Amino acid sequence: MDFTKRQTRIINMLKQTSPLTSEKIAGNLELSVSTIRPDLRFLTSVEILNARPKVGYEFKGNQLLNFDYDHIYQTPISEILLPTTEIKASDTLQVAVGKLFLKDVDSLYVVNEKGDLVGLISRKDLLRASLNNSNVQSMMASIIMTRMPNIITATPDMSVIEAGKLLLLHKVDSLPVVEKQSSRHAIGKITKNRIFQHFIEIGMKTINN
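As a starting point, this report considers the structure included with it. All figures in this text were calculated on a predicted structure; none of them were measured in a lab. (Residues numbered from 1 in each chain as written. Predicted model: local features only at pLDDT ≥ 70, side-chain atom pairs only at ≥ 80, totals over all residues. Heavy atoms only, no water.)

## Some points on the layout of surface pockets
Part 1 of the argument: Quantified by volume, the largest pocket comes out at close to 820 Å³.
Part 2 of the argument: Considering the residues around the largest pocket, the lining is formed by 19 residues, among which Pro-38, Leu-168, Ile-195, Phe-196 and Phe-199 are closest to the centre.
Part 3 of the argument: Counting residues per element, the ones that place at least two in the lining of the largest pocket are α1 (5–16), α3 (33–45), α7 (160–170) and α8 (192–208).
Part 4 of the argument: Per-element accounting of the lining of the largest pocket gives the leading share, six residues, to α7.
Part 5 of the argument: The residue inventory of the lining of the largest pocket, partitioned by class, reads 10 nonpolar, four polar and five charged.
Part 6 of the argument: Residue lining of the second largest pocket: 17 residues in total, with Leu-120, Ser-122, Val-172, Asp-173 and Ser-174 positioned closest to the centre.
Part 7 of the argument: Sorting the residues of the lining of the second largest pocket by element identifies β5 (117–122), α6 (123–132) and β7 (174–178) as the ones contributing at least two each.
Part 8 of the argument: Its residues assigned to classes, the lining of the second largest pocket comprises six nonpolar, five polar and six charged. (1 Å grid on protein atoms, 1.4 Å probe; cavity = no way out; pocket = protein on both sides within 12 Å on 5 of 7 lines; lining within 4 Å. Points joined across faces, edges and corners; volume = space filled by probe spheres on them. Helix = DSSP H or I, 4+ residues; strand = E, 2+ residues; numbered from the N terminus. Nonpolar A, V, L, I, M, F, W, Y, C, P; charged D, E, K, R; others polar.)

## A look at the environment of Val-178
Part 1 of the argument: Mapped onto the elements, Val-178 comes out in strand β7.
Part 2 of the argument: You can call Val-178 buried: its relative accessible area is 0%.
Part 3 of the argument: Distance from Val-178 to Lys-189, taken between C-alpha atoms, is 8.4 Å for residues 11 residues apart in sequence.
Part 4 of the argument: The residues touching Val-178, leaving out its near neighbours within four places in the chain, are Thr-153, Ala-154, Thr-155, Pro-156, Ser-183, Arg-184, His-185, Ala-186 and Ile-187. (Buried < 20%, exposed > 50% of the residue type's maximum accessible area, 1.4 Å probe, protein only. Contact = heavy atoms within 4.5 Å.)

## Some points on helix α5 (residues 93–103)
A turn of α-helix holds 3.6 residues, and therefore any two residues three or four places apart point the same way.
Part 1 of the argument: Considered for burial, the residues of α5 that qualify are Leu-93, Ala-96 and Leu-100. In a view along the axis of α5, the buried residues occupy a sector of 60 degrees, so they form one face of it.
Part 2 of the argument: Close packing links the buried residues of α5 with β3 (86–88), β4 (107–111) and α6.
Part 3 of the argument: Asp-104 sits one or two residues past α5 and shows a positive phi near 55 degrees. (Arc of directions from axis to C-beta.)

## Thoughts on α6
Part 1 of the argument: Among the residues of α6, those classed as buried are Asp-125, Leu-126 and Ala-129. Burial along α6 is one-sided: seen end-on, the buried residues are contained in an arc of 95 degrees. Across α6 from its buried face, at more than 90 degrees, point the exposed residues Lys-124, Leu-127 and Leu-131.
Part 2 of the argument: As for α6, its buried residues are in contact with α5, β4, β5 and β6 (146–147).

## Here's the deal with unusual backbone geometry
Part 1 of the argument: Cis geometry is found at the peptide bond from Ser-18 to Pro-19, where omega equals 0 degrees.
Part 2 of the argument: On the secondary structure map, Pro-19 appears in the loop between α1 and α2 (22–29).
Part 3 of the argument: Across the junction of Met-148 and Pro-149, the peptide omega takes the value 10 degrees, indicating a cis bond.
Part 4 of the argument: On the secondary structure map, Pro-149 appears in the loop between β6 and α7.
Part 5 of the argument: One non-glycine residue with positive phi stands out, namely Glu-47, at about 65 degrees.
Part 6 of the argument: Counting through the fold element by element, Glu-47 comes out in the loop between α3 and β1 (49–52).

Listed below in structure tokens is the structure:
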């Protein structure tokens, strides 16, 4: 079973001394708690570690000898896509804000008359524009959107690990997924939260089996 170097260090640490708080683990690694939190969540979800409230983390043992890492990391993102939330470039900021909160999403995809992706508006973009402009009823979405080709996209044949690397590299929470590399037609999106959900779903199926 393969773990990252940091996950292996955490496991070995807790094999020697358990339980340890997240603060103690982070201190021993000379990292912040926020940096190791995804590792702790993952190791807990696959039952390598056990999280005890107000006590800390303890080594539980490797119960997943048959854990399929190829499946968890190499799954094409086409299998776990989320639907897009789209608006038109001519829509106002008021419309954009309403749709963003109604759908409870972090970004809106701006499309033209043909349905092609021409821009992207994040929650931060809308918040910034709303605070700096009192006339949200008339300002168009196209004014504040990030325009193509300055948008990082993914394709459905990418693996979970490839998409995850793009998300981390570009420090974004989601990526539009287009039909193919040269296309501008978004068929869905992939997010950090969706990838994390994928990890948990695979882990739970493995445990239950």
